[in-house]
Amino acid sequence: MDNLKFNLKIFLIDKNFFLFNGKTNKEIIEHIKDNHKKGLRAEQTDFNIVKPTLNHFVEKDFEHYTYYYNQPKTQNYWKLFLPDELVKDQNFEIVEFSFVLFLIYKTNIFCIVGGSGFSVIQAFIDSNFGIDFYQHFAKPQEDIILKVNTRGVASNISQKDNTYTYDQRISESLEYSEIPKKIKVIVRDELKKGIFKKFDLDSVKAIMEIGSFFSLKTKINFEELKELIKDIHKIRSDKTNYTQLTLFSKIDDAILLTELNNGLKEKIIDDIILHNTPNELHKIKEGIIEVINPKKLEKFYECDEFKVRFKKSWSKNDRIVKEKENLYFECTEHIFKSVENFNNRKEISSKLFNLDVVGIIGGKESTFGNFYSHIVSERTYLNKKYFRVDSNWYYLDNKFLERISKDAINTYNQNELTENLLNKWTKGWDEDTYNSSHTKSNYYILDKLIKDNIELCDILIHHNNTLYFVHVKNGFTTQMRNLYIQVVLSAKRLNNDLFNNTGSSYFIKTIEKYNKKNKTKIDAKDLHQKILNNELKIEFVMAYNNYSYVGKKPAEKVELSESNIAKYSLVQTVREMRSFRRFGIKVIDISKI
């Protein structure tokens, strides 16, 4: 039994997780166990069957905790498939043995899982562990990649999954602006003979898979697992040969993370206190902070409305927010109204984690998380640029800053909307007022007309032989990420709707909703048929009003902007829209009109 070998994935617990501050390894593992048991109770699981148990033992160099339980699974689909006479008196329930093995070595908590054990640790793992570990010995110009999954830094709605069959190098496969999420790579000979020598890797097919985990695709026994963990710790402790795969990097340093988070929290607290001075409230709306669910981004954008509520509070005290763009203002106001002394910054800070944002789709709670986990922001600290996306902090390398600024300027110049279609933006207008100012013939305001929880566009313009789907945003700040997502989701939904074999529901139904509310009617079926017959061209328009740097030209404003997320969102929108072969994409800074 000692020599029994398995193909294993090794995970690492993220000890920088905000709930783990000040906790010992034992307390962290207890928290993970209690969180899982809490979930089992919510599902009304029978604990006599599940029997969740945590054991502990210590040996030389290692401390171990094993958490194991029986996971009930139902096979009701077979019961529905088979005739009644065949399923009579049959039990279609099965129980799967599941476990998590926590291996504490030095200061780190490593894990391996069995059965459904990953669900126990999923919320608490270091999502960049495998990628970061690989960068300690990577040679992107030499390493041959077999498969890679990436996403753009501006969003997690558009992931790329590429498989390669030839001698493709990693350096040829990753764009500077992408975050690698999972990579399968051939172990080069230098590593087989070096750091992985003791594992006797196959000379031809040696593969490693890296992502939130690290896995040598070879079977190892328990003693070899411990040796591998020792090697991982040693390699991670040495930054000598560290090679960054892209031009930005996730921050893992605990001290730096604390400084960045504390600075952001102070900024949010300042905004909360601003609610005491109504004449200063405009500063909140002009800020660089956005509220987005980091784990269910696409669902978040499909929500009908949002509930803002404090943990363990009565539902009657919930605040209902209809527009996601208003979430930051509404959340900060909700916190302000809940504190007795708005000068007590410590009390306010605790409420950032005690306030939950719940997304509702069709009356059901569909997205969930505390207020602080939703925050997207940029920050300059010690003359370096950092940004917070999807609950992680990233450092913007100077090369990235130079490249993204150059790309954003080129993107604007090459894709600028030259047709004189849009109105001038009068000072003091909000987005609704601006959209409604377009009253000419063949201009249709579709803002707030939502089908399938995705807005087709703010303004639909039929000009010559082109349909323009215009999406509008006031400002060139972090909110541009919001505009990017709106454009891409709309294009994705429209593309699936128009070019399928079952007919249109999204496009036609959206137009029908417009016709019910307006005297001027649109012939939806006629437009639909003309699109299919290539008689009408489709252009998406990313329209933003950069009210800063008055007197400067649009490209100059892009260059001067301090928001790198805004610049990247501009580039990424055009880049991703090119994948829709039947759609064009234009951009325009409305302030130039």
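The structure reproduced in this document is the subject of the present report. (Residues numbered from 1 in each chain as written. Predicted model: local features only at pLDDT ≥ 70, side-chain atom pairs only at ≥ 80, totals over all residues. Heavy atoms only, no water.)

## A closer look at the overall build of the protein
Filter applied, for reference: Only DSSP runs of H or I reaching four residues or more are called helices, and only runs of E reaching two or more are called strands; each is numbered from the N terminus. In this setup the radius of gyration rests on C-alpha atoms only. A globule is expected at 2.2 Å times the number of residues raised to 0.38. Summary of the burial criterion: residues with accessible area below 20% of their type's maximum are buried, those above 50% are exposed, and those between are partly exposed, where the area comes from a 1.4 Å probe applied to protein chains only. Contacts were defined at the residue level, with two residues in contact if any of their heavy atoms lie within 4.5 Å.
Each helix and strand counted, the protein has 20 helices and 26 strands in total. A globule of 593 residues ought to have a C-alpha radius of gyration of about 25 Å, and the protein, at 27 Å, matches this closely. For the protein, the C-alpha atoms occupy an extent of roughly 80 × 65 × 60 Å along the three principal directions. For the protein, with 593 residues in total, the buried portion stands at 52%. Expressed as a percentage of contacts within the protein between residues at least 6 apart in sequence, the contacts between residues at least 24 apart total 67%.

## Considering helix α14 (residues 398-415)
Our working rule: Multiply 1.5 Å by the residue count of a helix minus one, and that product is the helix's expected span.
Taking 1.5 Å as the rise per residue, α14 with 18 residues should run 26 Å; its terminal C-alpha atoms sit 26 Å apart, in good agreement. Of all the residues in α14, the buried ones are Phe400, Leu401, Ile404, Ser405, Asp407, Ala408, Ile409, Thr411, Tyr412 and Asn415.

## A short note on the pattern of salt bridges
This is how the line gets drawn: For this analysis, a salt bridge means a side-chain nitrogen from Lys or Arg found within 4 Å of a carboxyl oxygen belonging to Asp or Glu.
Throughout the structure, instances matching the rule amount to 33 salt bridges. The shortest N-O distance in the salt bridge between Asp189 and Lys192 comes to 3.3 Å. With a gap of three residues between them, Asp189 and Lys192 both fall in helix α7 (residues 189-192), about one helical turn apart. Here Lys192 falls in the buried class, since its relative accessible area comes to 14%. A salt bridge links Glu330 to Arg319; its shortest N-O distance comes to 2.7 Å. Of the two residues, Glu330 sits in helix α12 (residues 327-338) while Arg319 sits in strand β14 (residues 319-321), which places them 11 residues apart along the sequence. The network of salt bridges with common partners includes Asp61, Lys198, Glu227, Lys230 and Asp231.

## With respect to the side chain of Glu305
Applied cut-off: Pairs of N or O atoms are called polar contacts if they sit within 3.5 Å, as long as, within protein, a hydrogen donor faces a hydrogen acceptor (for residues adjacent in sequence, only side-chain-to-side-chain pairs).
Note on placement: Glu305 falls in strand β13 (residues 305-310). Given the relative accessible area of 18%, Glu305 is considered buried. Within the local environment of Glu305, its side chain forms a polar contact with the side chain of Lys322, the two groups lying 2.6 Å apart. Not counting chain neighbours up to four residues away, the residues in contact with Glu305 comprise Ile320, Val321, Lys322, Val358, Gly359 and Ile360.

## Details of the nonpolar core
This is how the line gets drawn: Joining through side-chain atoms within 4.5 Å is the link that ties buried Ala, Val, Leu, Ile, Met, Phe, Trp, Tyr and Cys residues into a set, and such a set is a nonpolar core.
In this structure, Ile268, Phe371, Phe469, Leu494, Phe507 and Phe540 are the most contacted members of the largest nonpolar core, which totals 116 residues. The residues contacting Phe371, other than those within four sequence positions of it, are Ile268, Val291, Tyr328, Cys331, Thr332, Ile335, Leu352, Leu355, Asp356 and Val357. Ile10, Phe137, Leu216 and Leu225 belong to the second largest nonpolar core, which has 38 residues in total.

## Thoughts on the sheet that holds strand β26 (residues 583-589)
Quick note on the threshold: Paired strands, in this sense, are two strands between which DSSP finds at least two bridges. Only the stretch in contact is used when fitting a helix axis, every axis being a line fitted to C-alpha atoms; angles between N-to-C directions are given from 0 to 180 degrees.
Within the open sheet, the five strands sit side by side as β20-β23-β24-β25-β26. Their pairing is mixed. Edge strands, defined here as strands with exactly one partner in the open sheet, are β20 (443-445) and β26. Across the sheet, the axes of successive neighbouring strands diverge by a mean angle of 20°, strand direction being ignored. Direction of pairing for strand β24 (residues 466-474) relative to strand β25 (residues 537-545): parallel, over a ladder of nine bridges. Following the sheet pairing, Lys473 is matched in β25 by Tyr544. Where helix α16 (residues 480-498) meets the sheet, it contacts β24, β25 and β26, and its direction lies at approximately 165° from that of β25.

## Points about the packing of aromatic side chains
How two aromatic rings sit relative to each other is given by the distance of their centres and the angle of their planes. Threshold: Geometry of aromatic contacts follows a simple scheme: Phe, Tyr and Trp rings, the Trp one being its six-membered ring, pair when their centres are within 6.5 Å, and the pair is stacked under 30 degrees between planes, edge-to-face over 60, tilted otherwise. A ring has a charge above it when a Lys NZ or an Arg CZ is no more than 6 Å from the ring centre and no more than 35 degrees off the ring normal.
Scanning the entire structure with this criterion turns up 32 aromatic pairs. Relative to Tyr544, the ring of Tyr412 has its centre 6.5 Å away and its plane inclined at 70°; by these criteria the two rings are edge-to-face. Here the residue Tyr412 occupies a position in helix α14, and Tyr544 occupies one in strand β25, the gap between them amounting to 132 residues. Like Tyr544, Tyr412 is buried. Grouping aromatic residues by their ring pairs yields a cluster made of Phe110, Phe129, Phe133, Tyr134, Phe137, Phe196 and Phe214. A cation over a ring is seen here: Arg388 above Tyr372, with NZ or CZ 4.3 Å from the ring centre. Between the NZ or CZ atom of Arg582 and the centre of the ring of Phe499, over which it lies, the distance is 4.0 Å.

## Observations regarding the state of the cysteines
Rules: Disulfide assignment relies on a single distance test, namely cysteine sulfur atoms paired within 2.5 Å.
The tally for this structure, following the rule as stated, stands at zero disulfides. Cys331 provides the cysteine sulfur closest to Cys303, a residue in no disulfide bond, and the two sulfurs are 13 Å apart. On the accessibility criterion, Cys303 (10% relative accessible area) is buried.

## A look at the environment of Met480
Secondary-structure assignment places Met480 in helix α16. Remark: the alpha-carbon pair of Met480 and Ile590, spanning 110 residues in sequence, is separated by 14 Å. Met480 has contacts with Gly475, Met542, Tyr544, Ala566 and Ser569, leaving out every residue within four places of it along the chain.

## Observations concerning the side chain of Asp458
For Asp458, the position within the fold is in the loop between β22 (454-455) and β23 (459-463). Not counting residues within four places of it along the chain, the set of residues in contact with Asp458 comprises Asn435, Tyr444, Ile445, Leu446, Asp447, Val470, His471 and Val472.

## Section: the pairing of strand β15 (residues 355-361)
Among the seven residues of β15, seven are classified as buried, and the element is accordingly described as predominantly covered. Strand direction decides the pairing type here: β13 and β15, joined by six bridges, are antiparallel. Bridge assignment links Lys307 to a residue of β15, and that residue is Val358. Taken together, β15 and the strand that follows it, strand β16 (residues 364-370), pair antiparallel across an intervening segment of two residues, in which Gly362 is found at a positive phi of about 60°.

The values are spatial; any link to function lies outside them.
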